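# Residue-level structure breakdown
As a plain string of letters, each chain reads:
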Amino acid sequence: RHRVRMSTCMLSQEALREPVVACRLGNLYNKEAVISALLNRKMPSDLSHIRGLKDVKQCLITWKEDEKEDGRKRIVCPLSREDLDTGSARAVVIWPSGAVVSAKSLKEMKMKECPVTSKAFDNEKDVIPLAPDGEELQRLRERLPTKKRKAQAAAPEAEEEDLEAESKEKKAKPEKDSSKDSEVYKNLFTKDREGLGGVRDAFGTPIYNRGARCI
């Protein structure tokens, strides 16, 4: 079961292939499958903590060819080179860098920078165990910023409603103003004359359009 979870996309159930992403619950996915689920709004309820690509991390994975299965690749630790899908060596993802390494190797090195990318990380907050079970999975669920995520999800909806209302208001105004402007425009012209016809002075200027005389 552990090997399946470490080699199969949690969403599509297809073999993992680059680019691979991980979520805060330690699940692995093909990035393409996550994007498709988000766009089509078909994200399963048990994965509702994924509301956008900001909720997953693209992984930096070291692969090796499977000697028993042609064409299949397996995830290995870039530090110890041991397989990470057998269950004997547990894997973790260092969230700031996305590097997937052996939990044992990372613990022994006691580093504050990612051993693969040298990016700083917090060992308590930024190390996510992959394919967790039982109490380990429960701890990860408790670490999810649920309240904050709900607030962020509600904000775009409210903003969208405001934009729609503003758009309707703007569309209504021109129609009202254009009607008013049309009446004002019509009143600029005398009703008893057509076009530029009518009485003109010696210079050809219409009498009604000559204006006041300045002395």
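Residues numbered from 1 in each chain as written. Predicted model: local features only at pLDDT ≥ 70, side-chain atom pairs only at ≥ 80, totals over all residues. Heavy atoms only, no water.

## Some thoughts on the overall build of the chain
- Of regular secondary structure, the chain possesses 5 helices and 8 strands.
- Helices (α) and strands (β) of the chain occur, in sequence order from the N terminus, as α-β-β-α-β-β-β-β-β-α-β-α-α.
- Per-residue burial for the chain yields a buried fraction of 31% across its 215 residues.
- Residue pairs in contact within the chain that sit at least 24 positions apart in sequence constitute 45% of those at least 6 positions apart.
- Accessible surface, the chain: about 15,100 Å² in total, of which carbon and sulfur atoms supply 50%. (Helix = DSSP H or I, 4+ residues; strand = E, 2+ residues; numbered from the N terminus. Buried < 20%, exposed > 50% of the residue type's maximum accessible area, 1.4 Å probe, protein only. Contact = heavy atoms within 4.5 Å. Areas by Shrake-Rupley, 256 points an atom, 1.4 Å probe, with all protein chains shown as cover.)

## Considering the sheet that holds strand β3 (residues 56–58)
- Strand order across the open sheet formed by 3 strands is β2-β1-β3, with antiparallel pairing between neighbours. Looking at strand neighbours, the two that pair on one side only are β2 (28–30) and β3, the edges of this open sheet. Ignoring which end each strand starts from, the neighbouring axes of this sheet average 35° apart.
- Pairing of strand β1 (residues 20–23) with β2 involves 3 bridges; the strand directions are antiparallel. (Pairing = 2+ DSSP bridges. Axes fitted to C-alpha atoms, helices over the stretch in contact; angles between N-to-C directions.)

## Some thoughts on the side chain of Ser-7
- By secondary structure assignment, the location of Ser-7 is in helix α1 (residues 2–7).
- With residues up to four places along the chain from it excluded, the contact list for Ser-7 reads Glu-14, Ala-15, Leu-16 and Arg-72.

## Notes on helix α2 (residues 31–39)
- Listing the buried residues of α2 in full gives Ala-33, Val-34 and Ala-37. Taken around the axis of α2, the buried residues stretch over an arc of 100°, which confines them to a single face. In α2, the exposed residues that point more than 90 degrees away from the buried face are Glu-32 and Leu-39.
- Buried residues along α2 sit against β1 and β2.
- The positive-phi residue at the C-terminal boundary of α2 is Arg-41, with phi of around 55°. (Arc of directions from axis to C-beta.)

## Some thoughts on the layout of surface pockets
- Of the voids in this model, the second largest pocket is the one considered here, and its volume is about 320 Å³.
- Contributions of two or more residues to the lining of the second largest pocket are made by β6 (91–94), α3 (103–109), β8 (127–129) and α4 (134–143).
- When grouped by side-chain class, the residues that make up the lining of the second largest pocket number 8 nonpolar, 1 polar and 6 charged. (1 Å grid on protein atoms, 1.4 Å probe; cavity = no way out; pocket = protein on both sides within 12 Å on 5 of 7 lines; lining within 4 Å. Points joined across faces, edges and corners; volume = space filled by probe spheres on them. Nonpolar A, V, L, I, M, F, W, Y, C, P; charged D, E, K, R; others polar.)

## Topic: unusual backbone geometry
- A cis amide bond links Glu-18 with the next residue in sequence, Pro-19, at an omega value of -5°.
- Tracing the sequence through the fold places Pro-19 in the loop between α1 and β1.
- Even without a glycine there, the phi angle at Gln-13 is positive, about 65°.
- Position of Gln-13 relative to the elements: it lies in the loop between α1 and β1.
- Phi angles above zero are rare outside glycine, and Lys-110 is one such case at about 50°.
- Along the chain, the position of Lys-110 falls in the loop between α3 and β8.
- Lys-110 sits in the exposed class, given a relative accessible area of 74%.

## Regarding the side chain of Asp-83
- Relative to the elements of secondary structure, Asp-83 occurs in the loop between β5 (73–76) and β6.
- At 3.1 Å, the side chain of Asp-83 and the side chain of Lys-64 are in polar contact.
- Not counting residues within four places of it along the chain, the set of residues in contact with Asp-83 comprises Lys-64, Arg-74, Ile-75, Val-76 and Ala-89. (Polar contact = N/O pair within 3.5 Å; in protein donor to acceptor, adjacent residues only side chain to side chain.)

## A look at the nonpolar core
- Formed by 40 residues in total, the largest nonpolar core has its most connected members in Met-6, Leu-28, Tyr-29, Ile-75, Leu-84, Val-100 and Leu-130.
- Every element with two or more residues in this core is listed here: β1, β2, α2, β6, β7 (99–102) and β8.
- Apart from residues no more than four positions distant in its own chain, Met-6 is found in contact with Leu-16, Leu-28, Ile-75, Leu-84, Asp-85, Ala-91, Leu-130 and Ala-131. (Core = buried A, V, L, I, M, F, W, Y, C linked by side-chain atoms within 4.5 Å.)

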